[in-house]
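# A look at the structure
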Amino acid sequence: MKTVNLAAFAAVFLIAYVDGIMWYLEPNSQKCLREEVQANVLVTGEYEVSEAPGQNVNYVVKDSRGHILSQKEDIPHGKLLKFSFVTETQDTFEICFTSHVPSIQRGRKQEVLLITKRGIEAKSYEGLIGEAAKLKPIEVELKRLEDLSEAIVQDFVRMRKNEEDMRDTNEATNTRVLYFSILSMGCLLGLATWQVIYLRRFFRAKKLIE
């Protein structure tokens, strides 16, 4: 029973993912964060940039093909802003914050706060589902648990598929290595045989052996 609970607990963290990070952005610099996300997953985020007079900070969210999913120029200082998007395919997404300071001004580093959520944690059940369907709090919680259970099942199916793909790759690699080893041994044996025949002919031509 403990093993099952630990597995379910780990799966929940894989599916309902929340990440918060804070760093200092140097003047006229760029900071990018990358993360791989599965297909059909809701990703939401909140970000805030500390105040610095005369300095501008832009942000952009892109996929690996360079498609822009969300962006904002000249982020207002001291305000908590939000963004959201739904992934179409499994891909690596990049969130970049870029600082711009006029050449006549001496810039200073700014504090950037970024909180990202994905999967179940990114959904607002109380705000969306509750108002749309007029569900009671217990019904909202049951709906959340139902979605969580479905997400866990899908995650286990995905992990099993990845395991099968890795096993197939390992078996294919082992087969290729075996064939390559056999070919290498055949080449070595052929080369050794040719060297013996050549040396025998050479020594016979020199009349060193009969």
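Refer to the structure above for everything that follows.
Right, let's walk through the structure included here.

Rules behind the numbers
- Residues numbered from 1 in each chain as written.
- Predicted model: local features only at pLDDT ≥ 70, side-chain atom pairs only at ≥ 80, totals over all residues.
- Heavy atoms only, no water.
- Helix = DSSP H or I, 4+ residues; strand = E, 2+ residues; numbered from the N terminus.
- Buried < 20%, exposed > 50% of the residue type's maximum accessible area, 1.4 Å probe, protein only.
- Contact = heavy atoms within 4.5 Å.
- Areas by Shrake-Rupley, 256 points an atom, 1.4 Å probe, with all protein chains shown as cover.
- Pairing = 2+ DSSP bridges.
- Axes fitted to C-alpha atoms, helices over the stretch in contact; angles between N-to-C directions.
- Patch = residues over 30% accessible without salt bridge, like charges linked within 9 Å, V, L, I, M, F, W, Y side chains within 5 Å.
- Salt bridge = Lys/Arg side-chain N within 4 Å of Asp/Glu carboxyl O.
- Phe/Tyr/Trp six-rings, centres within 6.5 Å; stacked < 30°, edge-to-face > 60°.
- Lys NZ or Arg CZ within 6 Å of the ring centre and 35° of its normal.
- Polar contact = N/O pair within 3.5 Å; in protein donor to acceptor, adjacent residues only side chain to side chain.

### Observations concerning the overall build of the protein
Broken down by element type, the protein carries 3 helices and 8 strands. Overall, the protein shows an N-to-C arrangement of helices and strands of α-β-β-β-β-β-β-β-β-α-α. Scored against the burial criterion, the 210 residues of the protein give a buried share of 24%. Put simply, of all contacts in the protein between residues at least 6 apart along the chain, 80% involve residues at least 24 apart. As displayed, the protein offers around 15200 Å² of accessible surface, 57% of which is attributable to carbon and sulfur atoms.

### Considerations on the sheet that holds strand β7 (residues 91-100)
Judged by pairing direction, the sheet is antiparallel, and its 4 strands sit side by side in the order β2-β7-β4-β5 without closing on themselves. Each end of this open sheet is capped by a strand with a single partner; those strands are β2 (30-37) and β5 (68-72). The sheet shows a mean angle of 10° between the axes of neighbouring strands, taken without regard to direction. As paired strands, strand β4 (residues 56-62) and β7 are joined by 7 bridges and run antiparallel to one another. Its bridge partner being in β7, Asn56 is matched across the sheet by His100.

### Quick look at the side chain of Thr44
With respect to the helices, strands and loops of the structure, Thr44 is situated in strand β3 (residues 42-49). For Thr44, a relative accessible area of 18% translates into the label buried. Ignoring any residue separated from it by four or fewer positions in sequence, one finds Thr44 in contact with Phe83, Ser84, Ile115, Thr116, Lys117 and Ala122.

### Examining a nonpolar patch on the surface
On the surface, Leu191, Trp194, Tyr198, Leu199, Phe202, Phe203, Leu208 and Ile209 cluster together into a nonpolar patch covering about 800 Å² of accessible area. Looking at Tyr198, the relative accessible area reads 46%, which means it is partly exposed.

### A word on the packing of aromatic side chains
Two measures describe an aromatic ring pair: the distance that separates the ring centres and the angle between the ring planes. Counted under the stated rule, the structure contains 10 aromatic pairs. With a centroid separation of 5.9 Å and an interplanar angle of 65°, the aromatic rings of Tyr47 and Phe97 are classed as edge-to-face. Taken together, the positions of Tyr47 in strand β3 and Phe97 in strand β7 put the pair 50 residues apart, joining distant regions of the chain. An identical accessibility class is assigned to Tyr47 and Phe97; each is buried. Among the aromatic residues, ring-to-ring pairing joins Trp23, Tyr47, Tyr59, Phe83, Phe85, Phe93 and Phe97 into one connected group. Over the face of the ring belonging to Tyr24 we find Lys109, whose NZ or CZ atom lies 4.9 Å from the ring centre.

### Description of the side chain of Ser99
Tracing the backbone shows Ser99 in strand β7. At 3.3 Å, the side chain of Ser99 forms a polar contact with the backbone nitrogen of Asn28. Residues in contact with Ser99, not counting those within four places in the same chain, are Leu25, Glu26, Pro27, Asn28, Ser29, Gln55, Asn56, Val57 and Gln110.

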